[in-house]
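The chain contents come next:
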Protein chains: 2
Amino acid sequence: MGSSAEQVREVAVKAKAAAAELAPMTRASKDAVLQAMADALVERADEILAANIVDLENGTAAGLSASLLDRLRLSRERVEQMAGGLRDVAALPDPVGEVIRGYTLPNGLEVRQVRVPMGVIGIVYEARPNVTVDAAGLCLKSANAVLLRGSASAYRSNTVLVEVLAAAAEKAGAPTDSIQLVPGTDRESVTHLLHARGLVDLVIPRGGASLIAHVVETATVPVIETGVGNCHIYVDAAADLEMAERIVMNAKVQRPSVCNAAETLLVHREVAAEFLPRVTASLADAGVRIHGDEMTASIVDGPVLPVTDDDWAKEYIDLDLAVGVVDSVDEAIAHIRRWTSGHTEAIISTDARAIRRFVSRMDSAAVMVNASTRFTDGGELGFGAEIGISTQKLHARGPMGLPEMTSTTFVITGDGQTR
Amino acid sequence: MGSSAEQVREVAVKAKAAAAELAPMTRASKDAVLQAMADALVERADEILAANIVDLENGTAAGLSASLLDRLRLSRERVEQMAGGLRDVAALPDPVGEVIRGYTLPNGLEVRQVRVPMGVIGIVYEARPNVTVDAAGLCLKSANAVLLRGSASAYRSNTVLVEVLAAAAEKAGAPTDSIQLVPGTDRESVTHLLHARGLVDLVIPRGGASLIAHVVETATVPVIETGVGNCHIYVDAAADLEMAERIVMNAKVQRPSVCNAAETLLVHREVAAEFLPRVTASLADAGVRIHGDEMTASIVDGPVLPVTDDDWAKEYIDLDLAVGVVDSVDEAIAHIRRWTSGHTEAIISTDARAIRRFVSRMDSAAVMVNASTRFTDGGELGFGAEIGISTQKLHARGPMGLPEMTSTTFVITGDGQTR
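Residues numbered from 1 in each chain as written. Chains lettered and ligands numbered in written order. Predicted model: local features only at pLDDT ≥ 70, side-chain atom pairs only at ≥ 80, totals over all residues. Heavy atoms only, no water.

(A) Region of interest: the relation of the copies chain B and chain A. The two copies are related by a screw motion: chain B maps onto chain A through a turn of 180° and a shift of 0.0 Å along the axis, at an RMSD of 0.0 Å. With respect to symmetry, the two chain copies, as superposed, fit the operation of a two-fold axis. Relative to the rotation axis, the closest C-alpha in chain B is found at His395(B), a distance of 1.7 Å. Comparing interface residues between copies, 100% of those in chain B also sit at the interface in chain A, which points to an isologous, same-surface contact. (Least-squares fit on C-alpha atoms with pLDDT ≥ 70 in both. Contact = heavy atoms within 4.5 Å.)

So, in structure tokens, the structure goes:
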């Protein structure tokens with residue numbers, strides 16, 4: 001389903017008007033709106049599930065994979081989980097109004113740097129309809145108007161979800177048009193959104209590498225890149241190898257389909273002969289395919305596929321692991337700087353000098369010392385909620401919670417000061 | 001002078017390599033480099049001034065305006081001022097390594113969010129050669145490699161300045177290629193820089209509206225918009241009119257050519273008849289042309305040009321002021337939200353309710369209460385240095401000092417934690 005630039009512009013203009021009214025809302029008012037949205041999801045679950053069944057039938061007819069259909073599928077329990085997510089967001093502190101810097105100048109001017117909403121945030125995402133609810137809740141709490149652009153395969157589910165959420169929000173006191181769906185399901189409608197300068201303050205893409213690349217290359221509005229994670233683990237000469245094995249297994253196997261799963265293992269030459277046979281045996285037991293360099297192949301008993309530059313560069317998000325042997329922490333650092341997507345890297349070592357060198361020379365959103373890469377996650381870090389994981393350096397880097405969905409303004413109060 | 005994408009890419013690759021070595025430099029090492037750069041400017045002033053004279057001669061032959069030639073012109077005193085600026089930057093605290101958030105999770109993981117350099121920063125700017133020195137100093141202090149792209153008219157001055165700074169920096173221990181000029185003087189060379197994804201982490205344009213628009217629309221690397229300031233002053237019904245006059249005069253007349261000068265004055269109807277005749281008389285004495293609405297024209301004695309939508313939208317950066325009468329603070333808010341460039345707005349009032357309403361409904365980088373718009377300035381706010389004033393909401397908003405030239409990373413330390 002196509003949409004014109006004019007149609008997308010129209011919803012953006014409405015969103016901008018809503019944003020002006022959202023900004024001064026109190027926390028109590030916003031939390032009441034979030035509770036009403038949660039109630040409405042549960043009350044109108046039948047309508048939501050009916051729309052979801054149509055999406056699922058169309059998806060099946062169109063030959064969507066079982067895993068895509070699973071991501072698309074809602075149930076009464078999932079609807080209740082989404083409602084619970086909104087109540088959790090209501091319980092979080094309000095980021096808006098926080099004074100992050102404040103001082104008085106010699107001339108008596110009182111300077112306050114205060115968190116304020118971004119304004120209008122566009123979210124472009126794939127399949128999962130729960131993102132619709134999460135994003136609407138986080139934007140409402142941070143007083144941003146949201147423009148949601150989910151995937152074509154979830155269009156009916158998303159349409160009903162947005163209708164339910166928007167109606168409940170408005171009835172509970174939120175400005176009209178605080179929560180809207182972007183019209184259209186083709187790539188053009190995304191492009192129109194990405195070109196709405198002056199109306200859209202930020203677009204966050206959530207999805208695969210090709211979606212993110214399209215957004216970043218097309219946008220003239222500000223964007224935050226999220227989520228591609230080619231994460232590395234370096235096992236140092238001075239590593240506790242039992243700990244290293246536990247961490248590698250956790251980082252690769254516990255949930256291989258997510259961005260903070262490990263994709264490459266680098267092992268110091270001095271411990272390779274001892275460590276690689278046992279860790280690869282455990283990995284093989286868990287169904288992991290090893291893509292190794294020559295040294296790895298010569299050490300390991302089981303099957304080792306030859307590793308290529310393509311493997312070093314790749315985010316498998318599957319049960320695959322690239323494995324290499326390095327001569328030093330510096331060789332590990334150089335390898336990681338060359339191939340990383342800038343998400344998360346880990347060092348396993350008991351050598352304080354090696355740790356310090358590694359940490360100070362990484363160029364990624366997170367560096368783990370003797371811990372699993374899987375901890376780069378807003379929930380794990382205690383943020384309470386997460387809109388995505390930024391792999392860019394501007395504005396926010398790493399997991400983004402509510403404060404990262406705000407901007408700031410300087411409020412400067414005087415009694416007639418001039419220069 | 002043209003340059004190929006390949007030539008620009010080559011300097012960017014070198015800059016990225018330098019950035020990796022800059023990141024772990026200590027504050028003491030960086031400050032020593034800055035002092036050496038300052039010494040070199042003074043020592044080699046003759047070479048710098050000789051190159052500048054060639055730029056000035058070419059500029060005169062090409063018919064550059066007197067004000068452009070003035071911005072381009074260096075003198076021994078200006079070179080010494082630039083050197084002093086570098087020494088001032090050396091005296092500022094190091095932003096790199098600052099822990100901006102830190103806590104321990106229930107599972108024992110120690111979380112630290114630490115400031116780290118951006119990496120490679122491109123600065124695209126017009127005329128003034130002092131920006132070359134300022135930007136090089138601020139980037140060095142924040143451990144960023146810099147790619148400088150000044151205007152064609154200052155190419156010889158900038159070439160010598162960069163040669164002097166880079167040689168001194170390297171000799172004092174900075175990595176080779178920490179400070180480089182982007183080859184080429186045509187717009188294509190800017191475009192190549194703006195497309196160097198994966199090599200350039202941030203581009204900051206400093207210049208007029210057309211340069212900034214070109215950068216924002218062309219870039220696929222992250223950018224920060226700076227500086228266009230259509231700043232408003234609203235004089236409320238409850239204003240101290242003597243204070244209001246002082247602030248309006250200061251904001252319009254003290255330095256009309258800068259982005260934080262006032263461009264529009266809105267006056268509440270209740271005080272218009274008393275305030276407008278006296279303030280416009282003072283403004284006229286200072287050479288300011290008044291562009292007023294019908295009400296203003298009917299109140300004011302002196303000449304009033306008719307104000308158009310084009311005037312409301314414009315950053316005059318000259319001795320011109322758009323003037324309108326409004327019925328309420330809400331009408332002032334609506335006017336400003338419609339026309340502002342998002343830089344600085346001011347309210348003059350003694351009414352706490354009007355002030356609160358105005359402040360909470362602005363959507364700009366700074367809001368002044370009973371103070372001149374001219375205070376939106378890194379120097380005035382005590383930042384010590386300023387790379388520009390951001391008018392966008394992402395990353396940094398308002399004056400940007402050294403902390404705004406950094407990103408952050410999460411360093412998470414454990415003893416074997418897994419999920």
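(B) Representation of the side chain of Thr191(B). Residue and element names in this part refer to chain B. Among the structural elements, Thr191 can be located in helix 8 (residues 187-194). Note on Thr191: relative accessible area 14%, which makes it buried. Apart from the residues lying within four places of it in its own chain, the contact partners of Thr191 are His214 and Thr218. (Helix = DSSP H or I, 4+ residues; strand = E, 2+ residues; numbered from the N terminus. Buried < 20%, exposed > 50% of the residue type's maximum accessible area, 1.4 Å probe, protein only.)

(C) Region of interest: the pairing of strand 7 (residues 231-235) of chain B. Residue and element names in this part refer to chain B. The buried fraction of strand 7 is high, at five of five residues. In strand 7, alternate side chains face the same way, and those of Cys231, Ile233 and Val235 on one face and His232 and Tyr234 on the other are all buried. As paired elements, strand 7 and strand 8 (residues 262-268) share five bridges and run parallel to each other. Along strand 8, the bridge assignment pairs Cys231 with Ala262. One crossover worth recording links strand 7 to the parallel strand 8 by way of helix 10 (residues 241-253), and it is right-handed. Here strand 7 runs beside strand 12 (residues 344-348); their pairing, made up of four bridges, is parallel. Its bridge partner lying in strand 12, Tyr234 is registered against Ile347. (Pairing = 2+ DSSP bridges. Right-handed = clockwise from strand over helix to strand, strands pointing away.)

(D) Structural context of the sheet that holds strand 5 (residues 179-181) of chain B. Residues and elements named next belong to chain B. The four strands lie next to each other as 5-4-3-6, forming an open sheet whose pairing is parallel. Where the open sheet ends on each side, the last strands, each with one partner, are strand 5 and strand 6 (202-206). The sheet shows a mean angle of 20° between the axes of neighbouring strands, direction not considered. Here three bridges tie strand 4 (residues 145-149) to strand 5, and the two strands are oriented parallel to one another. Note on strand 5: the bridge partner recorded for Leu148 is Leu181. Sheet contacts for helix 1 (residues 5-22): strand 3 (120-125), strand 4 and strand 5; angle to strand 4, the most-contacted strand, approximately 145°. (Axes fitted to C-alpha atoms, helices over the stretch in contact; angles between N-to-C directions.)

(E) Here's a closer look at the packing of aromatic side chains. Enumeration according to the criterion identifies four aromatic pairs over all chains in this entry. Each ring, one from Phe410(A) and one from Phe383(B), has its centre 6.2 Å from the other, and the planes form 50°; the classification is tilted. Placement of the pair is Phe410(A) in strand 16 (residues 406-417) and Phe383(B) in the loop between strand 13 (366-371) and strand 14 (388-390), with the two residues belonging to separate chains. Note on Tyr234(B) and Phe358(B): the rings are 6.0 Å apart at their centroids and 15° apart in plane angle, and the pair reads as stacked. Taken together, the positions of Tyr234(B) in strand 7 and Phe358(B) in helix 15 (residues 352-361) put the pair 124 residues apart, joining distant regions of the chain. Assigned by exposure class, Tyr234(B) and Phe358(B) land together as buried. (Phe/Tyr/Trp six-rings, centres within 6.5 Å; stacked < 30°, edge-to-face > 60°.)

(F) Just the packing of helix 2 (residues 27-43) of chain B against helix 6 (residues 130-141) of chain B, in detail. All names here are of chain B. Contact geometry for helix 2 and helix 6: axes closest at 9 Å, N-to-C directions at 165°. By the angle between their axes, helix 2 is roughly antiparallel relative to helix 6. Every pair of crossing elements has a handedness; the one defined by helix 2 and helix 6 is right-handed. Each of Arg27, Lys30, Asp31, Val33, Leu34, Met37 and Leu41 in helix 2 lies in contact with helix 6, whose residues at this interface are Val133, Ala136, Gly137, Leu140 and Lys141. (Parallel < 35°, antiparallel > 145°, perpendicular 65-115°, else oblique. Left-handed = near helix turned anticlockwise from the far one by under 90°.)

(G) Representation of the pairing of strand 11 (residues 320-326) of chain A. Residue and element names in this part refer to chain A. The buried fraction of strand 11 amounts to seven of the seven residues, a majority that puts the element mostly inside the structure. Sheet topology note: the strand 8 (residues 262-268)/strand 11 ladder contains five bridges and is parallel. Of the residues in strand 11, the one forming a bridge with His268 is Val326. Where strand 9 (residues 289-292) meets strand 11, four bridges bridge the pair, whose relative direction is parallel. Within strand 11, the position partnered with His291 by the bridge is Ala322.

(H) How the structure looks around the environment of Met249(B). Residues and elements named next belong to chain B. Counting through the fold element by element, Met249 comes out in helix 10. As for Met249 and Glu98, which are separated by 151 residues in sequence, their C-alpha atoms are 41 Å apart. When sequence neighbours within four positions are dropped, the list of residues in contact with Met249 reads Gln254, Ser282, Leu283 and Ala286.

(I) View of the sheet that holds strand 5 (residues 179-181) of chain A. Residue and element names in this part refer to chain A. In spatial order, the strands read 5-4-3-6; together these four strands make up an open sheet with parallel pairing. The open sheet has two edge strands with one neighbour each: strand 5 and strand 6 (202-206). When the angles between neighbouring strand axes are averaged without regard to direction, this sheet yields 20°. Each of strand 3 (120-125), strand 4 (145-149) and strand 5 is contacted by helix 1 (residues 5-22), which is oriented at about 145° to strand 4, the strand it contacts most.

(J) Summary view of the interface of chain B and chain A. Across the contact, 69 residues belong to chain B and 69 residues belong to chain A. Carbon and sulfur atoms supply 54% of the area that chain B and chain A bury against each other, a total of about 5700 Å² over both sides. Ranking the residues of chain B by area buried against chain A places Lys393(B), Leu394(B) and Arg419(B) at the top, with a combined share of 15%. Where chain B packs against chain A, one counts eight salt bridges. (Buried area = accessible area lost by both parts, 1.4 Å probe. Salt bridge = Lys/Arg side-chain N within 4 Å of Asp/Glu carboxyl O.)

(K) Quick peek at the domain arrangement of chain A. If you check the domain split of chain A, you get domain 1 (5-225 + 395-413) and domain 2 (231-375). Each of domain 1 of chain A and domain 2 of chain A was reduced to a C-alpha centroid, and the two centroids are 36 Å apart. (Domains from an automatic or database assignment.)

(L) Just unusual backbone geometry, in detail. Residues and elements named next belong to chain B. Phi is positive for Ala143, which is not a glycine, with a value near 60°. Along the chain, the position of Ala143 falls in the loop between helix 6 and strand 4. A relative accessible area of 1% places Ala143 in the buried class. Non-glycine residue Ile317 carries a positive phi angle of around 40°. Considering the arrangement of structural elements, one finds Ile317 in the loop between helix 13 (309-313) and strand 11 (320-326).

(M) Region of the structure containing the side chain of Asp31(B). Residues and elements named next belong to chain B. Note on placement: Asp31 falls in helix 2. With relative accessibility at 13%, the residue Asp31 sits in the buried group. A polar contact is formed between the side chain of Asp31 and the side chain of Lys141, at a distance of 2.7 Å. Setting aside its immediate chain neighbours within four residues, Asp31 contacts Ala90 and Lys141. (Polar contact = N/O pair within 3.5 Å; in protein donor to acceptor, adjacent residues only side chain to side chain.)

(N) Representation of the pattern of salt bridges. Scanning the entire structure with this criterion turns up 50 salt bridges over all chains. Residues Asp94(B) and Lys30(B) are paired through a salt bridge, measuring 2.8 Å at the closest nitrogen-oxygen approach. Note that Asp94(B) is positioned in the loop between helix 5 (76-91) and strand 1 (99-104) and Lys30(B) in helix 2, a separation of 64 residues in sequence. The same class applies to Asp94(B) and to Lys30(B), which are both buried. A salt bridge links Asp327(B) to Arg269(B), with the nearest nitrogen and oxygen atoms 2.4 Å apart. Highlighted residues: Asp327(B) in the loop between strand 11 and helix 14 (329-339) and Arg269(B) in helix 11 (residues 269-285), separated in sequence by 58 residues. For Arg269(B), a relative accessible area of 42% corresponds to the partly exposed category. Members of the salt-bridge network, linked through shared partners, are Asp201(A), Asp363(B), Lys393(B) and Arg397(B).

(O) Structural detail: helix 15 (residues 352-361) of chain A. All names here are of chain A. Along helix 15, the residues classified as buried are Ala354, Ile355, Phe358 and Arg361. Take helix 15 and look down its axis: the buried residues cluster within an arc of 150°, on one side only. What points out from helix 15, more than 90 degrees from its buried face, is the exposed set Ala352, Arg353 and Arg356. Close packing links the buried residues of helix 15 with strand 7 (231-235), helix 14 (329-339), strand 12 (344-348) and strand 13 (366-371). At the N-terminal boundary of helix 15, the capping side chain belongs to Asp351, with an oxygen 2.9 Å from the backbone nitrogen of Arg353. (Arc of directions from axis to C-beta.)

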